[in-house]
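Chain by chain, the residues:
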Amino acid sequence: NMIEKFGLSQPDFDYNRFYSLTTSGTLNGELDNFSVNTEFTSGDLNGNYNGTVVVGDEISVDGEIDLKHPEVMNFVEAIGLDYKTQSPNLGLFRLKSKIKGTPSNMNLTDMELNAGYSQFSGNLNYDFRGDNKIANAELKINKFEADKYMPREEGKLSMSAKIDGGIASFLTKPVWSKDR
């Protein structure tokens, strides 16, 4: 395979998640430092990336990305997160952002995120290196339907929340209000 042929270390990644990957675009530079402008499709995921890629101990990117998937929760599952929500079908996922960093230390700026009917814009950065994991977000929220994103237990769709180690059950669905 090409990764081994050029002596690059193969990332620890489940390639089976990308059972079909189609790309088109341009690539300029060396194998360990290049500029790329590409469109790609993998299953239901579509996107494009325009920027630089540096291959070192970790792959580093600096550019702009635009990702689209027709279903938020299918996208969450596809990237390997085990999270089930109150609503299994939330709608379109779209992330458009400037992106800079590595998989363990990333900055997303001028971000526009649509997850179903929820809409966010702003900046997000995280640093998962070392013992202290840090994530910071500065977001403007146009609309957020929090109840749809509440985690659910398998086979259970009732509303509940953990409060100080206890469980609070709701007789009616909680409602977001600026008045309270």
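Definitions and cut-offs
- Residues numbered from 1 in each chain as written.
- Predicted model: local features only at pLDDT ≥ 70, side-chain atom pairs only at ≥ 80, totals over all residues.
- Heavy atoms only, no water.
- Helix = DSSP H or I, 4+ residues; strand = E, 2+ residues; numbered from the N terminus.
- Buried < 20%, exposed > 50% of the residue type's maximum accessible area, 1.4 Å probe, protein only.
- Contact = heavy atoms within 4.5 Å.
- Core = buried A, V, L, I, M, F, W, Y, C linked by side-chain atoms within 4.5 Å.
- Phe/Tyr/Trp six-rings, centres within 6.5 Å; stacked < 30°, edge-to-face > 60°.
- Polar contact = N/O pair within 3.5 Å; in protein donor to acceptor, adjacent residues only side chain to side chain.
- pLDDT = per-residue confidence, 0-100.
- Salt bridge = Lys/Arg side-chain N within 4 Å of Asp/Glu carboxyl O.
- Patch = residues over 30% accessible without salt bridge, like charges linked within 9 Å, V, L, I, M, F, W, Y side chains within 5 Å.
- Areas by Shrake-Rupley, 256 points an atom, 1.4 Å probe, with all protein chains shown as cover.
- Pairing = 2+ DSSP bridges.

Asker: Hey, could you run me through the overall build of the protein in this one?
Answerer: In terms of regular secondary structure, the protein is built from 3 helices and 10 strands. Taken from N to C terminus, the helices and strands of the protein fall in the order α-β-β-β-β-α-β-β-β-β-α-β-β. In the protein, which comprises 180 residues, the proportion classed as buried is 25%. Counting contacts in the protein only where the partners sit at least 6 residues apart, residues at least 24 apart contribute 34% of the total.

Asker: Explain the nonpolar core here, please?
Answerer: In a soluble, globular protein the nonpolar side chains are often hidden away together inside. Grouped together as the largest cluster of nonpolar side chains are 24 residues, with contacts concentrated most on Tyr 49, Leu 67, Val 72, Phe 93 and Ile 99. Considering each element in turn, this core owes the most residues, 5 residues, to strand β6 (residues 105-115). Discounting residues that sit within four places of it in the chain, Ile 99 has contacts with Tyr 49, Val 61, Asp 62, Gly 63, Glu 64, Ile 65, Met 106, Asn 107 and Leu 108.

Asker: When you look at the packing of aromatic side chains in this model, what are you seeing that I'm missing?
Answerer: Any pair of aromatic rings gets described here by the distance separating the centres and the angle formed by the planes. What the rule picks out here adds up to 3 aromatic pairs. Here the aromatic rings of Phe 120 and Phe 144 are separated by 5.5 Å at their centres, their planes lie at 55°, and the arrangement is tilted. Separated by 24 residues along the polypeptide, Phe 120 in strand β7 (residues 118-127) and Phe 144 in the loop between β8 (134-143) and α3 (146-149) bring together distant segments of the chain.

Asker: Help me understand the side chain of Thr 38, please; the structure alone is not making it clear to me.
Answerer: Along the chain, Thr 38 turns up in strand β2 (residues 33-42). On the basis of relative accessible area, Thr 38 is assigned to the buried category, the value being 15%. Within the structure, Thr 38 has its side chain in polar contact with the backbone oxygen of Ser 24 (distance 3.0 Å). With residues up to four places along the chain from it excluded, the contact list for Thr 38 reads Thr 23, Ser 24, Gly 25, Gly 47, Asn 48 and Tyr 49.

Asker: Hey, could you run me through the confidence of the model for the protein in this one?
Answerer: Residues shown with low pLDDT carry predicted positions that ought not to be read at fine detail. For the protein, mean pLDDT is 78; residues scoring 70 or higher make up 73% of the total. Note that pLDDT drops below 50 for residues 1-11; the model gives that stretch 10 contacts with residues more than four away or on any other chain. Across residues 156-172 the pLDDT falls below 50, and counting only partners more than four positions away or on other chains, this stretch makes 19 contacts in the model.

Asker: Got a minute to help me understand the environment of Asp 32 in this structure?
Answerer: Residue position: Asp 32 is located in the loop between β1 (21-30) and β2. Separated by 22 residues in sequence, Asp 32 and Val 54 place their C-alpha atoms 5.5 Å apart. Setting aside its immediate chain neighbours within four residues, Asp 32 contacts Val 53, Val 54 and Val 55.

Asker: So what exactly am I meant to see when it comes to the pattern of salt bridges here?
Answerer: When the charged atoms of two side chains with opposite charge come close together, those side chains can pair. Tallied over the entire structure, the rule returns 4 salt bridges. Note that Asp 110 is salt-bridged to Lys 98, the shortest N-O span being 3.1 Å. Residue Asp 110 is located in strand β6, and its partner Lys 98 is located in strand β5 (residues 93-102); the two are separated by 12 residues in the primary sequence. For Lys 98, a relative accessible area of 39% translates into the label partly exposed.

Asker: Honestly, a nonpolar patch on the surface in this entry has me stumped. Any pointers?
Answerer: Together, Leu 139, Ile 141 and Phe 144 make up an exposed nonpolar region whose accessible area comes to about 260 Å². Among the secondary structure elements, Ile 141 is positioned in strand β8.

Asker: So what exactly am I meant to see when it comes to the environment of Val 53 here?
Answerer: Relative to the assigned elements, Val 53 resides in strand β3 (residues 45-55). On the basis of relative accessibility, which here comes to 10%, the residue Val 53 falls in the buried class. In this structure, the C-alpha to C-alpha distance between Val 53 and Leu 31, residues 22 residues apart in sequence, is 9.3 Å. If we ignore the near neighbours within four places in the chain, the residues touching Val 53 are Asp 32, Asn 33, Phe 34, Val 36, Ile 59, Ser 60 and Val 61.

Asker: Honestly, the pairing of β6 in this entry has me stumped. Any pointers?
Answerer: Along any regular strand, the residues point their side chains to alternate faces of the sheet. Note: β5 against β6, 9 bridges, orientation antiparallel. Considered in β6, the bridge of Lys 98 is made with Thr 109. In this structure, the hairpin formed by β5 and β6 is closed by a connection of 2 residues. Both β6 and β7 contribute to a ladder of 9 bridges, which runs antiparallel. Note on β7: the bridge partner recorded for Met 106 is Tyr 126. Here β6 hands over to β7 after 2 residues, with Gly 116 in that stretch at a positive phi of 65°.

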